[in-house]
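Descriptive structure summary
Here's the letter readout for the chains.
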Amino acid sequence: MLSTIVGEVNGRAWVHPQQAKGSVLAAFSCRVGGDSTGPFASLNVGLHVGDDPLQVIRSREQCAAYCGVPLEHFVFAEQVHGSAVAVVTHEHAGRGARNLATAIPGVDALVTNQSGLALAILVADCVPILMWDEARHVVAAIHSGWRGTVLHLAAKTVDVMKEQFGTHPSDVRVALGPSIRRCCYEVDDAVLDKVKSEFSPLVVSPSARPKHAYLSLVDCIREDLDKSGVLPDHVEDVGICTSCHHNLFFSYRKEGRTGRSLAVVCLK
Ligand SMILES: [Zn+2]
């Protein structure tokens, strides 16, 4: 399951989708190799979780160096569990990189067609989705927890790529990153009611607890992408559960107070 993890110098480790090559950098950070301590040990890139901001910036700089893109060329989204998508350019470079307040407000998905601009999403259980269309030279990064998933944020992002850049869905490649999986993601009736009205019954499995079930966000997203015209064999799921592997990834469900991992996509 963890065969896509690439060991790096100083114990750093990243997950790379196998189909991202050529003109696209796509990567998901693990939690090892940084200097944060306690619940944030150790490569925490979340500025909003109560960790020492200077340490978080150092970890972000480490991640940027790994990607070969200066932190000043990263763009971060505010991430509000909504369904808004922002198209960004080099005018937005550095937004949210060193200061929470300058992140692109009110959005959970970023799209660009500009080379050298790194789109960043932070996660600890929610699904980080990276997309790219090498034919039209477009990339996208999406934060999809259950709220964004039932709002069809993945499909909405494909729509933006189509409308703004002429993307053909059959050219889109997708990587679904480390996130909480059906094995560990038990949800209650309030969530299930919303999920059941939007997705097939296959996305949930029964739980022994009354009024609860296990939910696969990744399978919801696959259904969305399928309806959008993205080819199933262009969707690569790294297949890692953050809760099962909380030694390697931050898991909010498993740990409560914890750090955030980075999902990044960039046109070279
Ligand atoms: Zn699990």
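A short tour of the structure in this document, coming up. (Residues numbered from 1 in each chain as written. Predicted model: local features only at pLDDT ≥ 70, side-chain atom pairs only at ≥ 80, totals over all residues. Heavy atoms only, no water.)

As for the pairing of strand β8 (residues 127-133)
We apply this condition: When a residue's accessible area, from a 1.4 Å probe over protein chains only, is under 20% of the maximum for its type it is buried; when over 50% it is exposed; and in between it is partly exposed. Comment: elements are numbered from the N terminus, with helices defined as DSSP H or I runs of at least four residues and strands as E runs of at least two. Here, strands pair whenever DSSP counts at least two bridges between them.
Of all 7 residues making up β8, 7 are buried, and the element is well covered by its neighbours. Here β8 shows a buried face lined by V127, I129, M131 and D133 and a second buried face lined by P128, L130 and W132. When β8 meets strand β9 (residues 138-144), the two strands line up antiparallel, connected through 7 bridges. Counterpart to D133 in the pairing with β9 is V138.

Details of the packing of aromatic side chains
Two aromatic rings, taken as a pair, are described by how far apart their centres are and by the angle between their planes. Our working definition: Aromatic pairs are defined between Phe, Tyr and Trp rings, using the six-membered ring for Trp, whenever the two ring centres lie within 6.5 Å; interplanar angles under 30 degrees are classed as stacked, those over 60 as edge-to-face, and all others as tilted. Geometrically, a lysine NZ or arginine CZ counts as sitting over a ring once it is within 6 Å of the ring centre and also within 35 degrees of the ring normal.
Counted by the stated rule, this structure contains 2 aromatic pairs. With a centroid separation of 4.4 Å and an interplanar angle of 5 degrees, the aromatic rings of W14 and Y66 are classed as stacked. Of this pair, W14 sits in strand β2 (residues 13-15) while Y66 sits in helix α1 (residues 53-67), and the two are 52 residues apart along the sequence. Between F74 and F76 the ring centres are 6.3 Å apart and the planes differ by 25 degrees, which places this aromatic pair in the stacked class. Take F74 and F76: they sit in the same class, and that class is buried. Above the plane of the ring of F76 lies R60, whose end atom (NZ or CZ) is 4.0 Å from the centre.

Concerning the nonpolar core
In summary, soluble globular proteins display a tendency toward joint burial of nonpolar side chains. Stated precisely, the cut-off is as follows: The nonpolar core is taken to be a set of buried Ala, Val, Leu, Ile, Met, Phe, Trp, Tyr and Cys residues, with the residues joined through side-chain atoms within 4.5 Å. Contacts are assigned to residue pairs that have any heavy atoms within 4.5 Å of one another.
Membership of the largest hydrophobic core comes to 38 residues, with the highest contact counts inside it found for I129, M131, V174, V195, L215 and L225. Among the elements that take part in this core, helix α3 (residues 153-165) stands out by supplying 6 residues, more than any other. If we ignore the near neighbours within four places in the chain, the residues touching V195 are V150, V203, V204, L215 and C220. The next biggest cluster of nonpolar side chains, apart from the first, holds 31 residues, and it includes V75, A141, V238 and A263.

Remarks on the coordination of the zinc ion
Condition: For Na, K and Ca the donor cut-off is 3.2 Å; for every other metal, N, O and S atoms count as donors within 2.8 Å. Water does not enter the count, which can leave sites looking incomplete. Donor angles set the geometry label: tetrahedral for four donors if every angle is between 85 and 135 degrees, square planar for four and octahedral for six if opposite donors exceed 155 degrees and the others are between 65 and 115, irregular for anything else.
Protein coordination of the zinc ion is provided by C183 (SG), C184 (SG), C241 (SG) and C244 (SG), with donor distances spanning 2.3 Å. Because the angles between the 4 donor atoms bound to the zinc ion fall within 103 to 116 degrees, the donor set is best described as tetrahedral. All donor residues of the zinc ion come from one chain, and their arrangement in sequence is C-C-x56-C-x2-C. Of this pair, C183 sits in the loop between β10 (172-176) and β11 (186-188) while C241 sits in the loop between β14 (235-237) and α6 (252-255), and the two are 58 residues apart along the sequence. Residue classification places C241 among the buried positions, given a relative accessible area of 3%.

What to know about the pattern of salt bridges
Side chains that differ in sign of charge can pair as their charged atoms come close. Going by this rule: One side-chain nitrogen of Lys or Arg within 4 Å of one carboxyl oxygen of Asp or Glu is enough to make a salt bridge.
A complete count under the given rule lists 7 salt bridges for this structure. Note that R209 is salt-bridged to E186, the shortest N-O span being 2.9 Å. With a gap of 23 residues between them, R209 in the loop between β12 (204-206) and β13 (212-215) and E186 in strand β11 connect regions that are remote in the sequence. Take R209: its relative accessible area is 46%, and that puts it in the partly exposed class. Classification of E186 by relative accessible area gives buried; the value is 14%.

A short note on the sheet that holds β13
Basically, it comes down to this: Under this scheme, a helix contributes an axis fitted over its contacting stretch, all axes are lines through C-alpha atoms, and angles between N-to-C directions fall in the 0 to 180 degree range.
The sheet built from 3 strands is open, its strands ordered β11-β13-β12 with antiparallel pairing. What marks the edges here is a single partner per strand, and that holds for β11 and β12. The average undirected angle you get between the axes of adjacent strands in this sheet is 45 degrees. Note: β12 against β13, 3 bridges, orientation antiparallel. Each residue of the ladder has a partner; that of S205, found in β13, is Y214. Contacting β11, β12 and β13, helix α4 (residues 189-196) crosses the sheet at an angle of about 90 degrees to β11.

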